[in-house]
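Close look at the chain arrangement
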Amino acid sequence: MQNVDAMNIADEPKVNYLTNGFSLRSWLLTKDHKRIAIMYLITVSAFFLIGGLYAATIRLELLTPQSDLLESGQYNRVFTQHGVVMVFFFLIPVIPAILGNFLLPLMIGAKDLALPRINLLSLYIYWLGGILTLWALMQGGVDTGWTFYTPYSTTFSNTYVMAVGLGIFINGFSSILTGLNFIVTVHTMRAPGMTWFRLPLFVWANYATALVMILGTPVVAITVLLLAIERVAHVGIFDPAIGGDPILFQHLFWFYSHPAVYIMILPSMGIISELISNFSRKKVFGYEFIAFSSIAIAVFGFLVWGHHMFVSGQSVYAGLVFSFLTMVVAVPSAIKMFNWTATLYKGSISYDAPMLFAFGFMGLFLIGGLTGLFLGSMGLNVHLTDTYFIVSHFHYVMVGGTVLGYLGGLHYWWPKMTGRMYSEFWGKISAMLVFVGFNLTFFPQFILGYQGMPRRYAAYPEEFQVLNIFSTAGASVLGLGMSLPVVYLVHSLVFGKKAEANPWMHPGLEWRTASPPPTENFDQMPVVTWDAYSFGEESELDIEGARKRELAKV
Amino acid sequence: MQSNTWIPLFPDQASSFAWQIDYLYFYLILISVAFAIPIVAAILFFAVKYRETDKFATPDEIHGSTTLEIAWSIIPFVISMTIFLGGALIYYNQFRVPEDTMEIYVVGKQWMWKFQHGTGQREINELHVPKGRKIKLTMTTEDVLHDVFIPAFRTKADVVPGRYTTLWFEPTMTGKFHLFCAEYCGLNHSGMGGWVYVMEPDDFDNWLAGGGTGQTPVEIGKDLFNNRLGCASCHAGGANQRGAKLEGIWGTNVKLVNGQSVKVDEEYVRNSILNPSGQVVEGFQPIMPTFKGQVSEEQLVALVAYIKSLSNAQPNTAPMSNPAPATPASNTNTTAKTAAANSNK
């Protein structure tokens with residue numbers, strides 16, 4: 001029946017999703033997943049900028065051992081706000097809400113997500129949570145650390161814990177709705193012939209992520225709610241003086257927040273699979289293993305939260321189980337790494353900007369993943385936890401992994417999203433600066449951590465200064481590398497060369513429609529007769545067909 | 001703290017298990033390098049060897065290989081299990097406190113560390129310990145979470161309000177080592193630290209003798225028990241005894257009115273003082289009032305030390321690990337009644 005609709009649209013005059021109405025109303029009331037994705041792109045980027053400015057402030061403060069740029073109260077708020085903004089308002093939504101939103105329907109041959117109004121609602125919820133949080137930050141901010149550990153957060157902090165907590169609580173619903181939407185969409189909206197094992201791996205990755213989002217996010221919402229009740233009414237959930245347990249908070253918090261790491265990294269892994277395949281023009285090696293390793297990571301990700309608490313007084317035997325399961329998660333991650341490498345074998349590899357980001361991702365994820373083993377091993381964890389080793393590790397995984405995947409994906413799909421080509425030269429420069437800057441910033445922190453520099457310190461002993469100087473120097477390179485895309489991508493919107501429908505000659509469905517796509521995504525309901533990543537001749541003919549249709553429209 | 005000569009990138013190995021953690025660390029670095037170099041080499045090699053010669057060429061498809069997939073699942077799994085086992089063994093040693101330890105009480109407070117030795121020596125943000133003796137810290141906090149972290153000893157443990165956590169180590173090198181608070185605790189978190197001084201045992205004994213003007217925890221506890229809190233009126237035995245007998249119960253299991261039994265340890269004694277109706281011993285009425293709000297964490301520590309002393313569980317608080325002479329603490333190994341009588345003199 002959808003076929004019929006698609007046929008009718010095929011004869012209509014061609015407007016793409018960007019030119020389909022220019023009023024504010026046409027954007028704010030849109031149900032088009034692509035427009036919603038663009039609005040996410042703008043606001044999530046704004047939060048990234050805010051979080052980045054906090055990061056720069058932190059690195060400047062740590063240039064010297066004394067707390068001279070910020071006094072310790074200010075420093076505590078700055079690192080807390082850096083964490084809150086980056087984790088909840090950037091890293092978690094960035095790929096699913098922007099690229100997932102934009103691409104999921106296109107990749108499976110659907111006209112939109114299954115629940116378009118819910119999709120718009122999730123954006124509004126994100127804005128509401130974001131505005132509330134920003135308001136709280138401007139009023140004076142919060143100093144509990146992004147983890148909100150009790151009893152400091154419930155009894156001792158005099159900052160805007162409630163407002164920021166409420167912002168995160170509200171924002172969680174955005175995540176839940178997006179996850180729900182993705183799951184329903186993948187189950188019900190696939191085009192004819194788009195079987196589960198023909199899905200692009202980015203779709204698999206988002207599907208696995210969506211499972212984590214709808215199963216995990218309610219727990220953090222409940223945790224924040226309990227925190228609020230405890231703070232206001234002081235009923236004794238977490239307060240040992242009235243029979244509560246401060247460690248209970250940590251269990252609840254990490255039950256969500258460890259899987260949240262996979263909300264950040266899994267979609268990024270999906271992007272990397274797309275990029276490596278596209279730029280070596282090869283089918284992804286071991287497609288099924290990559291798809292199932294995403295699901296395995298999502299499932300096991302729920303069973304390892306206790307590895308954040310090896311020194312908290314948790315029982316030794318619980319610690320053993322959590323340590324064991326943590327080691328098990330290393331296996332599907334290693335599988336992905338091997339498969340990506342094997343995909344390159346006998347490929348036809350080109351070094352376009354997105355591929356450079358993908359190479360950078362592999363390097364950073366390798367280091368981040370391997371250092372995860374250090375922390376999963378209990379004996380070492382005791383020495384390393386709460387030091388800069390852990391700061392470095394989670395930045396490699398969460399930031400290196402997520403941001404490089406995101407930037408790679410953004411560059412790769414930019415022509416599809418905007419209809420413009422960006423400066424390839426500056427794209428490559430940015431990819432290299434980000435990679436070098438990132439390593440220069442965070443690698444010294446592994447050494448600092450083993451030397452024993454604790455995290456969340458505004459002032460530190462002098463012997464740690466040299467490595468901190470390296471780190472701050474690296475941060476400035478990283479900052480430059482991250483700022484460049486803002487300039488050349490925005491520049492491309494006006495001055496960029498017009499993009500073809502399929503600039504990469506890729507067989508995926510998202511490339512078989514115009515750039516930018518029309519509001520309904522496809523002129524004709526696509527029928528899928530090929531497996532994902534079939535760069536063979538048969539599908540190239542189809543691409544030619546798509547290009548001819550495109551030319552006919554002009 | 002960077003005084004070791006061979007690699008300046010590591011803190012001193014100043015405790016008996018520091019070398020184990022360093023060896024595990026080297027093992028992991030070795031594995032990481034052994035894993036990363038082939039992968040990175042393969043990526044670079046493929047990227048150069050198979051670089052694009054023809055725009056949008058379509059190389060032969062390779063679908064995958066189940067044999068390879070199984071091999072590169074099993075090998076990482078086996079390696080990760082060796083890492084797990086190594087880490088688990090070390091952790092088990094670190095957290096299983098040996099019998100013959102010298103006990104020091106630690107109370108964390110925003111933003112300082114308060115230490116009290118078995119002889120009554122008190123220190124703030126400085127901890128003196130003898131080399132070559134096993135030391136056990138029994139720790140709690142008056143306010144928020146803190147964490148005792150001594151990088152040179154390769155150990156740390158959270159300090160949690162409302163419970164006692166323990167940490168033990170055996171210093172193997174004299175010197176001055178960093179002590180940090182590693183769990184974020186508010187405004188002056190980065191200022192909440194100090195130094196651990198490891199001394200030769202003789203020097204330590206002199207130091208301990210020199211400044212030992214205060215009462216021992218056992219003496220403070222005894223004073224609280226007999227005089228200031230009036231515990232003795234119910235717990236001191238004799239005809240009027242309305243509370244459970246405390247002599248000889250440390251470390252044993254007592255039966256509760258609800259049929260369960262519980263081991264008498266720091267946690268249980270603390271709970272019984274703060275929340276007496278929670279775990280009433282079989283044969284007694286739940287008539288004891290709560291002392292919550294009336295006793296500070298430091299006083300609780302002293303009461304626990306005293307009650308422990310009633311059961312001759314003394315070696316832990318002895319200031320010297322040499323065959324223990326009669327220390328002030330072990331002198332109190334009498335019944336509470338005579339103890340009470342003594343203190344009333």
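Residues numbered from 1 in each chain as written. Chains lettered and ligands numbered in written order. Predicted model: local features only at pLDDT ≥ 70, side-chain atom pairs only at ≥ 80, totals over all residues. Heavy atoms only, no water.

Observations regarding the packing of aromatic side chains
Residue and element names in this part refer to chain A.
- This model, assessed by the stated rule, comprises 69 aromatic pairs over all chains.
- Taking the centre distance of 5.2 Å and the plane angle of 80° together, the rings of F425 and W426 count as edge-to-face.
- Taking relative accessible area as the criterion, F425 reaches 53% and is therefore assigned exposed.
- An angle of 75° between the planes, with centres 5.5 Å apart, marks the rings of F443 and F446 as edge-to-face. Of this pair, F443 and F446 both sit in helix α15 (residues 424–451), 3 residues apart, which is roughly one turn of that helix.
- Residue classification places F443 among the partly exposed residues on the basis of a relative accessible area of 40%.
- By relative accessible area, F446 is classed as buried at 5%.
- Across the ring face of W530, the terminal group of R512 is positioned such that the distance to the ring centre comes to 3.5 Å. (Phe/Tyr/Trp six-rings, centres within 6.5 Å; stacked < 30°, edge-to-face > 60°. Buried < 20%, exposed > 50% of the residue type's maximum accessible area, 1.4 Å probe, protein only. Helix = DSSP H or I, 4+ residues; strand = E, 2+ residues; numbered from the N terminus. Lys NZ or Arg CZ within 6 Å of the ring centre and 35° of its normal.)

Considering the pairing of strand β5 (residues 135–141) of chain B
Residues and elements named next belong to chain B.
- Judged by how many residues are buried, β5 sits mostly within the fold: 7 of 7 residues are covered.
- Side chains I135, L137, M139 and T141 of β5 all project onto a buried face; the interleaved residues K136, T138 and T140 project onto the opposite face, where all are buried too.
- As defined by bridge partners, strand β1 (residues 102–109) adjoins β5 across 7 bridges and the pair is classed as parallel. Across the sheet, residue V106 finds its bridge partner in β5, namely M139. (Pairing = 2+ DSSP bridges.)

A closer look at the environment of B:I249
Residue and element names in this part refer to chain B.
- In this structure, I249 sits in the loop between α5 (232–235) and β11 (253–255).
- Taking relative accessible area as the criterion, I249 reaches 17% and is therefore assigned buried.
- For the pair I249 and I307, spaced 58 residues apart in sequence, the C-alpha to C-alpha distance is 8.9 Å.
- Sequence-distant contacts of I249, that is, excluding residues within four places in its chain, are made with V264 and S311. (Contact = heavy atoms within 4.5 Å.)

So, the packing of helix α4 (residues 72–108) of chain A against helix α7 (residues 161–188) of chain A
All names here are of chain A.
- Running from amino to carboxyl end, α4 crosses α7 at an angle of 20°, the nearest separation of the two axes being 11 Å. Considering the angle they form, α4 stands roughly parallel to α7. Of the two possible hands of crossing, α4 and α7 adopt the one that is left-handed. Residue-level inspection shows V84, F88, F89, I92, P96, G100, N101, L104 and I108 of α4 in contact with α7, the latter providing V164, G167, I168, N171, S175, F182, T185 and V186.
- Grouping the constituent residues of the contact of α4 with α7 by class yields 11 nonpolar, 6 polar and no charged. (Axes fitted to C-alpha atoms, helices over the stretch in contact; angles between N-to-C directions. Parallel < 35°, antiparallel > 145°, perpendicular 65-115°, else oblique. Left-handed = near helix turned anticlockwise from the far one by under 90°. Nonpolar A, V, L, I, M, F, W, Y, C, P; charged D, E, K, R; others polar.)

Regarding the sheet that holds β1(B)
Residues and elements named next belong to chain B.
- The mixed open sheet is built from 5 strands, whose spatial order is β3-β2-β1-β5-β8. Only two strands of the sheet have a single partner each, and these edge strands are β3 (122–124) and β8 (165–169). In this sheet, adjacent strand axes meet at a mean angle of 25° when their direction is disregarded.

Some details on the environment of A:S312
- Examined against the element boundaries, A:S312 turns out to sit in the loop between α10 (287–300) and α11 (316–344).
- In this structure, the C-alpha to C-alpha distance between A:S312 and A:T57, residues 255 residues apart in sequence, is 30 Å.
- Excluding residues that lie within four positions of it along the chain, A:S312 makes contacts with A:I247, A:Q250, B:D158 and B:V160.
- Only 2.9 Å separates the side chain of A:S312 from the backbone oxygen of A:M309, close enough to count as a polar contact. (Polar contact = N/O pair within 3.5 Å; in protein donor to acceptor, adjacent residues only side chain to side chain.)

These figures come from the coordinates and say nothing about function on their own.
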